[in-house]
Amino acid sequence: MGFGGPIGLIVVGLILALAFNQQQVGPLEVTTLGWILVVAGALWLVLTVVQQNTRRRHVTTATTTDAQGRQATTQRSTESDPPPPAV
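Reference entry: report on the structure contained in this document.

This paragraph deals with the environment of Leu16. For Leu16, the position within the fold is in helix H1 (residues 4-19). The spacing of Leu16 and Leu37 is 21 residues in sequence and 8.9 Å in space, taken between C-alpha atoms. Discounting residues that sit within four places of it in the chain, Leu16 has contacts with Val30, Thr31, Leu33, Gly34 and Leu37.

The following block contains the structure:
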């Protein structure tokens, strides 16, 4: 997931909130809708940043069976940091 969606939502919200002066479309006030979009975009942006900065954990489980029918299970877990963002 990238940053384009939340930033676009924030931009559209700011345009609606700051470019219109107390205009209403039916029961809906345009500036209020703009601020709601700004807040939603900011929350989306924060969630995206948090998700991309969390450690990734991978667990691999392998089960092997020998000739006598005995099973052995091994489990390996690795944690990795996400790669840095491309510049």
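All right, on to the pairing of strand E4 (residues 71-80) then. If a strand is regular, its side chains alternate between the two faces of the sheet. Little of E4 is tucked away: zero of the 10 residues are buried. The pairing of strand E3 (residues 56-65) with E4 spans 10 bridges and is classified as antiparallel. For Ala62, the partnering residue across the bridge sits in E4 and is Thr74. Between the antiparallel neighbours E3 and E4 lie five residues, among them Gly69 with a positive phi of about 90°.

Definitions and limits used
Residues numbered from 1 in each chain as written. Predicted model: local features only at pLDDT ≥ 70, side-chain atom pairs only at ≥ 80, totals over all residues. Heavy atoms only, no water. Helix = DSSP H or I, 4+ residues; strand = E, 2+ residues; numbered from the N terminus. Contact = heavy atoms within 4.5 Å. Buried < 20%, exposed > 50% of the residue type's maximum accessible area, 1.4 Å probe, protein only. Pairing = 2+ DSSP bridges.

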